[in-house]
Protein chains: 4
Amino acid sequence: MKLWGGRFAKETDALVEKFNSSIGFDKRLYKQDIRGSQAHVKMIAAQGIIDLQDAQVIDEGLEDILAEIEAGTFVFDIKAEDIHMNIEKRLIEKVGPVGGKLHTGRSRNDQVALDTHMYMKEEIKDVASLVLDLQKELSELAEMHVETLMPGYTHLQRAQPISFGHHLMAYFYKLQRDGERLQDCFKRTDLMPLGAGALAGTSFPIDREMVAKELGFAALYENSIDAVSDRDYIVEFLAAASTLMMHLSRLSEEIILWSSAEFGFVELDDAYCTGSSIMPQKKNQDVAELVRGKTGGVFGDLMAMLTTLKGLPLAYNKDMQEDKERLFNVIDTIKISLKLYSGMIATMNVKADHMAAALENDFSNATDMADYLVKKGIPFRECHAIVGKTVLYCIQNDKRLVDLSLAEYKDISSEFAEDILEVIKVRNCMKARKSRGGAAPEAVLFSIEKGRGMMKETEVFWSSK
Amino acid sequence: MKLWGGRFAKETDALVEKFNSSIGFDKRLYKQDIRGSQAHVKMIAAQGIIDLQDAQVIDEGLEDILAEIEAGTFVFDIKAEDIHMNIEKRLIEKVGPVGGKLHTGRSRNDQVALDTHMYMKEEIKDVASLVLDLQKELSELAEMHVETLMPGYTHLQRAQPISFGHHLMAYFYKLQRDGERLQDCFKRTDLMPLGAGALAGTSFPIDREMVAKELGFAALYENSIDAVSDRDYIVEFLAAASTLMMHLSRLSEEIILWSSAEFGFVELDDAYCTGSSIMPQKKNQDVAELVRGKTGGVFGDLMAMLTTLKGLPLAYNKDMQEDKERLFNVIDTIKISLKLYSGMIATMNVKADHMAAALENDFSNATDMADYLVKKGIPFRECHAIVGKTVLYCIQNDKRLVDLSLAEYKDISSEFAEDILEVIKVRNCMKARKSRGGAAPEAVLFSIEKGRGMMKETEVFWSSK
Amino acid sequence: MKLWGGRFAKETDALVEKFNSSIGFDKRLYKQDIRGSQAHVKMIAAQGIIDLQDAQVIDEGLEDILAEIEAGTFVFDIKAEDIHMNIEKRLIEKVGPVGGKLHTGRSRNDQVALDTHMYMKEEIKDVASLVLDLQKELSELAEMHVETLMPGYTHLQRAQPISFGHHLMAYFYKLQRDGERLQDCFKRTDLMPLGAGALAGTSFPIDREMVAKELGFAALYENSIDAVSDRDYIVEFLAAASTLMMHLSRLSEEIILWSSAEFGFVELDDAYCTGSSIMPQKKNQDVAELVRGKTGGVFGDLMAMLTTLKGLPLAYNKDMQEDKERLFNVIDTIKISLKLYSGMIATMNVKADHMAAALENDFSNATDMADYLVKKGIPFRECHAIVGKTVLYCIQNDKRLVDLSLAEYKDISSEFAEDILEVIKVRNCMKARKSRGGAAPEAVLFSIEKGRGMMKETEVFWSSK
Amino acid sequence: MKLWGGRFAKETDALVEKFNSSIGFDKRLYKQDIRGSQAHVKMIAAQGIIDLQDAQVIDEGLEDILAEIEAGTFVFDIKAEDIHMNIEKRLIEKVGPVGGKLHTGRSRNDQVALDTHMYMKEEIKDVASLVLDLQKELSELAEMHVETLMPGYTHLQRAQPISFGHHLMAYFYKLQRDGERLQDCFKRTDLMPLGAGALAGTSFPIDREMVAKELGFAALYENSIDAVSDRDYIVEFLAAASTLMMHLSRLSEEIILWSSAEFGFVELDDAYCTGSSIMPQKKNQDVAELVRGKTGGVFGDLMAMLTTLKGLPLAYNKDMQEDKERLFNVIDTIKISLKLYSGMIATMNVKADHMAAALENDFSNATDMADYLVKKGIPFRECHAIVGKTVLYCIQNDKRLVDLSLAEYKDISSEFAEDILEVIKVRNCMKARKSRGGAAPEAVLFSIEKGRGMMKETEVFWSSK
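The structure displayed is predicted, hence computed values, not measured ones.

Novice: Help me understand the domain arrangement of chain A in this model?
Specialist: How big an interface is tends to be reported as the loss of accessible area on association of its parts. Residue and element names in this part refer to chain A. Entries for chain A in the domain assignment read domain 1 (5–104), domain 2 (109–357 + 448–463) and domain 3 (366–424). Of note, the centres of domain 1 and domain 2, computed from C-alpha atoms alone, are 33 Å apart. The interface of domain 1 with domain 2 comprises 24 residues on the first partner and 23 residues on the second. Here domain 1 and domain 2 share an interface that buries about 2200 Å² over both sides, 64% of which is from carbon and sulfur atoms.

What follows is the structure, encoded as structure tokens:
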């Protein structure tokens, strides 16, 4: 018989039971469920709602159940629907009818909300820590490569010379914002819902502040209907995760490009690649491809959650049970993706000579030729046109800008002097971009320094959570 | 050592192995993989590519493996990555190096494409059959309720009187189109990819037509790169499934509304409901809510698949491995949803008196009052205005249209005669809508008849697949 | 000739021109573009990069152009592609070649990023202010209805008695979090990108801090590649907007339900409804329906943005031009939705008698009957079963809990005393839920007070922006 | 006063009016609206529902209005909400109260459904024709390049030698399925909804078959509630369009890669590229990038539509008005994308020497070396391992397979004979893949022939629509 079955004249259909049951995935919340129940029972005893002795029996019973689950001896029962009912049923088996007092002054609606909040607080913290790890790898590799010349691209066309370190730091800062989003999301997850009951609060003299303190929550939901109907903290997390994956998908695309024979900028360690069942020569960038591929899945899970919540009347509806599987999937995906990325970046072989060679054969110094003329007082738009024509001339004559003689330069514009030949050397072009945030080594080093300060602040934030 | 490991100097990272491995979900394809391999080996033997004797050894080995898997004694190995490698590895264990001849003239890329096509053909057929089952339940219930008055709604406002049977048939026809979409999708799934190799075809003298015939395929992929890079049949199925779920979500919304105390139009059987952990009186429409909730998930999985494929260069990329888990999830979801719906509809208690009562207290006969005047020759727009004012007058005086006397009607317009009092009786309003597809009982019965003809055609289509 | 045309031997195809052009929608950024250019020109003059006199000519030219645009006399040209080129072209027309100096030390890539950041800062602030307005309406209406009884629902089944004020405050708090998300998103939008150039920074001795200060930015992008490739602040805004719309869609669903004849809890003002072209009696909740409908569109625009960014290599790609139209659409949608909601809530007619009547005929006091027994020392699970059976008995005998006599109660359990008849009166049930955040009037008033404190803090935050 | 205003005591709020109004976008349907009205009026006259003379007056009035709209002299009025009301209002202005008879026996709900069906039938046909155009360009270019060597890729790693023609035909066949999906979608769009009225049909003796025949529809909706609540034909079209854009996004990605300096496989005509505002040398593949970028938008519009429909009760809800803007956007996007692609492909400069050179420096002939051994009787798995080790040896010694001497080959395996040196020449590898659908020139020519047959069938299908 179901724990809620009093009013029913008939048994649930077996397929319905399977369809409704969430124990297959929500058992992941066992620890939070037990710790939450222990805090609840401590409070209702402190408030005189149940006897202290009963509370102690329940608390010990729950502790035993925790041990059973962690030892793998607990038998989960699909008929008991979910983790809450599984644990409560086992509790009553173990300690007798007194176990039935645990659910005093609460409902599954606020209980599942509590468990999910507790679980997500831990997971957000874990994810943030993995983001920091990857930021560290990126900034360390960047520091080693502030002088490593590489073409900067727009539209996948070589545009201007940068350093590989400069390029990596772009991802560092994207991850920095991802980390900040996780902090903001954590603040809105750090709200204690228990005490909302089914939706309306309770007539028992409970002490919600005590439970919040016991479980380390910073604040309470101030409206009980909101507490049981809110899933926006999950949406916010999924959106932050989607953005993070979007960033990793961009880096993945680049790693795949860079690993191609055509680019040849990096070679991943064998440990991060796989081979082909038919082509013996193949070495594939599977990790990068899978991260890029799974990005679509994370977006889909965000969309699923939003769509599921759309147009639902308050307070709780069974539709909301659909929040968990996808949340768990996203958490697993971003954690393993971040871990693999840290390892992959740390072991990546950077082929600096290939990167530098790619710049030799191109026109990525054209902006510098134009800026040279600007500095002589010619309006930028005119310089742009002059250089554009020079490039066209070079293409038609199979030359590069460095192949032109000073005489040819003077033919193009009388403003050119001998130093033009120095100015358009690609290394000089890169070094000249000293503006804050720019490609010059000292600018990149400054941005690495700044970034490290930000990582420190992030660590301070989490150390207190 | 990996089957593809020849070129590698280093082992795969353990976490990478876990990340890459698809055996956790693609083992579902074991039967298709084995049947596909058997057809392949039969063909390469027939073509003289391998010995007939070797082929027989391999075929028997595969048959044994099938038995092992179905008996539950097969040990799946995460290190062997996927179902294909798991089976091939076991084959070589069982029959020795000759097992290594199975993979002659094919690649995992065309093999996984073949397995998925075979699997989906079966599943699409199954889903189509479940759609038919639900259509049957709906049309049978509709036939019983062609005289059961019910308010038809627009904007969730009572609009015009219809019958419950008429309303149900709207869903019948939506499902009819869903079934047709499944047929169309089946046609594009019924293409045989094997022989595409990794991407370029093969230099072995294979006979793709023979494999297609052996496995019951209607046609072949005519371009090998297309064959291994195509996933549009999966997208098409997910889109058809999304539309089907969208339809079920609308019916779910209505069942939830109808089951509310406020509507009270139907009561679901206890077997399709659950109770509350705290509120003993509750009887919740969980199945309908879950179907509505899972609709978001199916949409998300469609979006995930599309997004994953976007911008992928040809031919195969590892991103495409992400197709399976979500496909399997969608198939499971729609199959259980359809099954539960058939049972839920069949056992639903229709409260015809509540439905009829809902019409008594409203203005859903106003259109008929306007049409009455139109039939007297007054332009529709003027009639609309006259009736609009009459309704406002009624609301302000707490009356309904049937409460007005003939004298009052004549005051409104001299065109009214005694028959107006008959015309605006809600049952007469419903019965008057005899236009094809309309609410009148004979029109609904005609549409049920039409629908049954369509179901017959559907059955004929599938009987030959 | 294009401003960038120097290198090209051939004109752009006319259809390509139309496809590429963004002037049709990005002209909305004209003010930001001009103010940003003025700050830039002031800085490059201050840094000695161009003459002060040239700078003044340019500044005045830009001011004139602003006036032309606001007067509607400016002629936008599709051939000039975008707002930046339209303005620069006009500037050169007006002030001559010196206008060509404006683009010194910057690129369209950082320019468009600057414009969008400036634009979004204003819009986020506006949206936040509209959220506050709606919170005010909700809390004022809530305060008037802390004693207005209404059924609280779960699964759209009447669950426990609450007040209408209590229900409204659930939305207040959802909006509170929406407002906080806007603040957090603002922080990450308040970063100054100019100076990033095309992607690598610039060799001109620019002063990015000066531009930031001039334009009121709190911080700078610290990496130039990040500055031009970042769109995550747009994603974050779209996610916050999606969550906000999700909340409004839930309220919309409820308003539509409440306005139905079946519920009859509220009546919207005629000014917020429309009629039917055929059914003269209809009064439709179009605003609520459209807001619910447009929610899907906002989700779709979020998905579009994420999907567009997925897998893009750094730095700028033309794909990113797709950010604006959808962003503008979302901003317009949420602003008008919020404005209409404030008006609709303020003028809504609450039918308190219908709400109260809905509670009379139900079992929403069953939890209180169970809790009564719990307070006598019976474990909750046993009480739940006792009450469940009582409800079943009542349903089968067409009774409600208040219809049972004390004798009948005593038959059910000897623990019942006379006060049970008081305890289960629905008003008393509601009043008894005094737990923090609960349904009792004093608890709701406390939560309104708390909420007002939060609104104050929000106002303080924005007053300094 | 609104045409539906009779029942209302108060004017609509001005902002509500703006929010509700669809005339801004649905005016696109003017022709369908008028042609549909003319067919309707002809039928109701033929059925004796209105006078023939009135019908003629109305018909002529509508024809005049059509001329006004096409001449640009018609003044659209936001207060008249939508295209239907705008035209009806103008009709009454022109022909007097008799114009009010037009709306007899129909409603805006079935009218807008009719207009949209008519509009979409034309658009689907147009899109299908543009798909055919692109297929023609692809197959013609493919035919010219069946001997043009190019590396085939998996995981963006060079895998096996193919021809450029072979590669292009992969897209041809993807488009072929897209075209078939459009045909199937057309069939489900070709259903006539008029006569459904608001939702329940009508009591007027209308003849729906006559209207269907008049307007060229193949079939009728058989249930009036379905007719006004159905939007699945729009979802189906958006899904087909998403798949088509997904295919174009893949081709776009490849064109962008191929145009990069690193690949250098093609050069787009100047007419399909644009330049940079700062970097004079840049030539950007904007069209390909925009098509790839807009793909995200089309996916988002599909998601928007599905999400908007999810959970809507029957029959019509205002949410459904959200179908049009996004549908129109998608139609415009795919039409311009297809047109530009046809032009871009037709003018693309193929750099066959670069493609061939890419194969010289790689191991894409490794499969052929393995297959050589297989043909000597060694199981494929062993051959795979042998070749894998050979590749590793080559990489470590900076050699390619063609650099190895026969002696070295014999050292690797005694099975190698002199012909191995011929077998592994990349051109021979490509030519050897004669399996149906494979890379060999004759196989590609066969597939082009097959494809042309399919195009013929497609043309036949559409010629009768």
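Novice: It is not clear to me how the relation of the copies chain B and chain D should be interpreted in this structure. Could you clarify?
Specialist: In summary, the two copies of the chain are related to each other by a rotation about an axis coupled with a shift along it. When chain B is brought onto chain D, the operation consists of a screw motion whose angular component is 180 degrees and whose axial shift is 0.0 Å, with 0.0 Å RMSD remaining. Taken together, the rotation angle and the small translation identify this as a two-fold axis. The position closest to the rotation axis in chain B is occupied by the C-alpha of Ala239(B), lying 3.2 Å away. Interface overlap between copies: 100% of the residues of chain B at the interface are likewise at the interface in chain D, consistent with a symmetric, same-surface contact.

Novice: Would you take a moment to explain the side chain of Asp319(C) for this structure?
Specialist: By the secondary structure assignment, Asp319(C) is in the loop between helix H11 (286–309) and helix H12 (323–347). Not counting residues within four places of it along the chain, the set of residues in contact with Asp319(C) comprises Thr308(C), Leu312(C), Glu289(D), Arg292(D) and Gly293(D).

Novice: Got a minute to help me understand the packing of aromatic side chains in this structure?
Specialist: To describe a pair of aromatic rings, one takes the distance between the centres and the angle between the planes. Here the structure, examined in full by the defined rule, presents 40 aromatic pairs over all chains. On the numbers, 5.2 Å between centres and 70 degrees between planes, the contact of Tyr119(C) with Phe328(C) is edge-to-face. Linking Tyr119(C) in helix H6 (residues 108–144) with Phe328(C) in helix H12, this pair joins segments that are 209 residues apart in sequence. Between the aromatic rings of Phe172(D) and Tyr173(D), the centroid separation amounts to 5.1 Å while the plane-to-plane angle is 80 degrees, which identifies the pairing as edge-to-face. The class of Phe172(D) is buried, set by a relative accessible area of 0%. One aromatic cluster is present, built from ring pairs that chain together Tyr153(A), Phe263(A) and Phe265(A). Above the ring of Phe461(C), the side-chain terminus of Lys465(C) is found at 4.7 Å from the ring centroid.

Criteria and cut-off values
- Residues numbered from 1 in each chain as written.
- Chains lettered and ligands numbered in written order.
- Predicted model: local features only at pLDDT ≥ 70, side-chain atom pairs only at ≥ 80, totals over all residues.
- Heavy atoms only, no water.
- Domains from an automatic or database assignment.
- Contact = heavy atoms within 4.5 Å.
- Buried area = accessible area lost by both parts, 1.4 Å probe.
- Least-squares fit on C-alpha atoms with pLDDT ≥ 70 in both.
- Helix = DSSP H or I, 4+ residues; strand = E, 2+ residues; numbered from the N terminus.
- Phe/Tyr/Trp six-rings, centres within 6.5 Å; stacked < 30°, edge-to-face > 60°.
- Buried < 20%, exposed > 50% of the residue type's maximum accessible area, 1.4 Å probe, protein only.
- Lys NZ or Arg CZ within 6 Å of the ring centre and 35° of its normal.

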